[in-house]
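Chain residues, written in single-letter form:
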Amino acid sequence: MWWPLVPRVPALIKIRRFTVLAIESSADDTCAAVVASSGEILSNVVVKQNDVHEPFGGIHPYWAVQAHQQNLPSAVQRALKEARVPATNLDGIAFTRGPGMPGCLGVGSTAAKTLAAALQKPLVGVHHMQAHALTPVFTSTPNPPRFPFLTLLVSGGHTLLLLATSITQFRILATTRDESIGRVFDKVARILAIPWSPRVPEPLLRNLLPLHLFEMTCFSFSGLHSVVDRFVTARGGADALDLATKCALASAFQSAAVKQLEDKVALALGWCRKREVGVQHLVVSGGVASNMFLRDRLRASVADASPQDPISLVFPPPDLCTDNAVMIGWASMHRFLARDTDDYSILTRPKWCIQDL
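All values reported here derive from a predicted model rather than from experimental measurement. (Residues numbered from 1 in each chain as written. Predicted model: local features only at pLDDT ≥ 70, side-chain atom pairs only at ≥ 80, totals over all residues. Heavy atoms only, no water.)

Concerning the overall build of the chain
Scanning the chain from terminus to terminus reveals nine helices and 11 strands. A total of 357 residues make up the chain; the buried ones form 53% of that total. In the chain, the share of contacts with a sequence separation of at least 24, taken over all contacts with a separation of at least 6, comes to 76%. Carbon and sulfur atoms make up 52% of the accessible area of the chain, which totals about 16000 Å². (Helix = DSSP H or I, 4+ residues; strand = E, 2+ residues; numbered from the N terminus. Buried < 20%, exposed > 50% of the residue type's maximum accessible area, 1.4 Å probe, protein only. Contact = heavy atoms within 4.5 Å. Areas by Shrake-Rupley, 256 points an atom, 1.4 Å probe, with all protein chains shown as cover.)

The following block contains the structure:
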């Protein structure tokens, strides 16, 4: 059987192809997908809301909910049509239970529970960050990373460095004390009034920026955001800066932000060595994981931090780095196959620590 993470499914359960409709609506992307336990992605629908939120300079909670309500029915319909799977032939329904924006989670949750109840199908609510963390495992077959491994989750809502010891057990080694790296990337891009790009000139303004914190337990990106904001404001705003200065400042910011990730990963590898935790892989996922500068820097820093015991870096495909329902379906599969499902009355968990799975 393909499925790489099913831990000793009871012998009485007959293993067969299991097909899941998954729904993801934790933030500003309306997602629906159909996946199978054979490893197939039968459909993957992602409806963006960028045009809705651009005037607000970030996700507007009310309009995000409205957009999900508008987009989700057609997204589900399209996912089923592209998969060529009638709703009655589904084996289960999965959805993002949390963490995320309360109203947005509610739209996906209500849709999934209603579909499951109407079709009399089993239901599983999935932890959003668990799904991100496990995505590279599912996309790296036939040689997925082996537990225990380090996982770095970098997105618009989260910055987490975890030690994964099983499909459901994660220990937080470092988290952000203020803003996530993805959110600060977006804010700095707006301050500079330029589209964000991973390819910019070498930094000319690096000394302006605080590079990193040495504490193991936290990231902090709000200081970088504040320094860029003050620099631009003091010079009359983004319109008063030429393109070379904007690109130099963007590059300096990106280098400083990524340096924090490099340093924390190096500290985590040292922490694992001291405790004889045999980590051989660093799994990197989340929307920011598609940034090629980040990927190049992490490869170099991991090689420097662990020259004697090489660490393999594992990234999901770029289209599965950002929010999607494929990862929700995959992360639900081990529970469906073990018949560990949720009641139709299950509630969302907008705040849900990954250590509490």
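Some remarks on the packing of helix 4 (residues 128–138) against helix 9 (residues 326–337)
At a minimum axis distance of 8 Å, the contact between helix 4 and helix 9 shows a crossing angle of 90°. Between helix 4 and helix 9, the interaxial angle falls into the category roughly perpendicular. The segment helix 4 lies against helix 9, with His 128, Gln 130, Ala 131, His 132, Thr 135 and Phe 138 engaging Met 327, Ile 328, Trp 330, Ala 331 and His 334. Along the lines of polarity and charge, the residues of the contact of helix 4 with helix 9 split into six nonpolar, five polar and no charged. (Axes fitted to C-alpha atoms, helices over the stretch in contact; angles between N-to-C directions. Parallel < 35°, antiparallel > 145°, perpendicular 65-115°, else oblique. Nonpolar A, V, L, I, M, F, W, Y, C, P; charged D, E, K, R; others polar.)

Here's the deal with the pattern of salt bridges
Summed over all chains, the structure comprises nine salt bridges. The shortest N-O distance in the salt bridge between Asp 263 and Lys 259 comes to 2.8 Å. Of this pair, Asp 263 and Lys 259 both sit in helix 7 (residues 243–274), four residues apart, which is roughly one turn of the helix. Among the residues examined, Lys 259 registers a relative accessible area of 27% and is labelled partly exposed. Put simply, Asp 340 and Arg 335 hold a salt bridge, and the shortest N to O gap is 3.2 Å. The class of Asp 340 is partly exposed, set by a relative accessible area of 41%. If you follow the salt bridges from partner to partner, you end up with Arg 335, Asp 340 and Asp 342 in one network. (Salt bridge = Lys/Arg side-chain N within 4 Å of Asp/Glu carboxyl O.)

Quick notes on the packing of aromatic side chains
In this structure the tally under the stated criterion is six aromatic pairs. An angle of 65° between the planes, with centres 5.3 Å apart, marks the rings of Phe 185 and Phe 253 as edge-to-face. Here Phe 253 lies in helix 7 and Phe 185 lies in helix 5 (residues 181–192), a separation of 68 residues in the sequence. For the pair formed by Phe 185 and Phe 253, the shared burial category is buried. If you follow Arg 97 out to its NZ or CZ, it ends over the ring of Trp 352, 5.3 Å from the centre. (Phe/Tyr/Trp six-rings, centres within 6.5 Å; stacked < 30°, edge-to-face > 60°. Lys NZ or Arg CZ within 6 Å of the ring centre and 35° of its normal.)

What to know about helix 3 (residues 102–119)
With 18 residues, helix 3 should reach 26 Å at 1.5 Å per residue; the first-to-last C-alpha distance of 26 Å fits that figure. Residues Cys 104, Leu 105, Val 107, Gly 108, Ser 109, Ala 112, Lys 113 and Ala 116 constitute the buried set of helix 3. Of the surrounding elements, those touching the buried residues of helix 3 are strand 1 (19–24), helix 2 (61–83), strand 4 (92–98) and strand 5 (123–127). Positioned one or two residues after helix 3, Gln 120 has a phi angle of 55°, which is positive. (Expected span 1.5 Å × (residues − 1).)

A short note on the pairing of strand 10 (residues 281–285)
For strand 10, the tally of buried residues reaches five of five residues, placing the bulk of the element in the interior. Residues His 281, Val 283 and Ser 285 of strand 10 are buried on one face, and the alternating residues Leu 282 and Val 284, pointing to the opposite face, are buried as well. Note that strand 6 (residues 149–154) and strand 10 share four bridges and pair parallel. Residue Leu 150 lies in a different strand from strand 10, and its bridge partner there is Leu 282. (Pairing = 2+ DSSP bridges.)

Observations regarding the sheet that holds strand 4
What the five strands build is an open sheet, ordered 3-2-1-4-5; its pairing is mixed. Each edge of the sheet is formed by a strand with only one pairing partner; in this case those strands are strand 3 (41–47) and strand 5. The mean inter-strand angle of the sheet, taken between neighbouring strand axes irrespective of direction, is 20°. The sheet contact formed by strand 4 and strand 5 spans five bridges and is parallel. In the sheet register, Thr 96 faces strand 5, and the bridge partner there is Val 126.

What to know about the sheet that holds strand 8 (residues 170–176)
Sheet architecture is open: six strands sit in the order 9-8-7-6-10-11, paired in mixed fashion. Looking at strand neighbours, the two that pair on one side only are strand 9 (218–219) and strand 11 (312–314), the edges of this open sheet. Both strand 10 and strand 11 contribute to a ladder of three bridges, which runs parallel. Bridge pairing in strand 11 places Leu 282 opposite Leu 313.

Notes on unusual backbone geometry
A cis amide bond links Gly 98 to the next residue, Pro 99, at an omega of -10°. One can find Pro 99 in the loop between strand 4 and helix 3. In the segment running from Phe 147 into Pro 148, the intervening peptide bond is cis, with an omega of -5°. Within the element layout of this structure, Pro 148 appears in the loop between helix 4 and strand 6. A positive phi angle is found at Glu 276, which is not glycine, with a value near 55°. Structurally, the position occupied by Glu 276 is in the loop between helix 7 and strand 10. Glu 276 sits in the exposed class, given a relative accessible area of 76%. Positive phi, close to 60°, is recorded for Arg 339, a residue that is not glycine. Mapped onto the elements, Arg 339 comes out in the segment after helix 9. Residue Arg 339 is classed as exposed on the basis of its relative accessible area, which comes to 64%.

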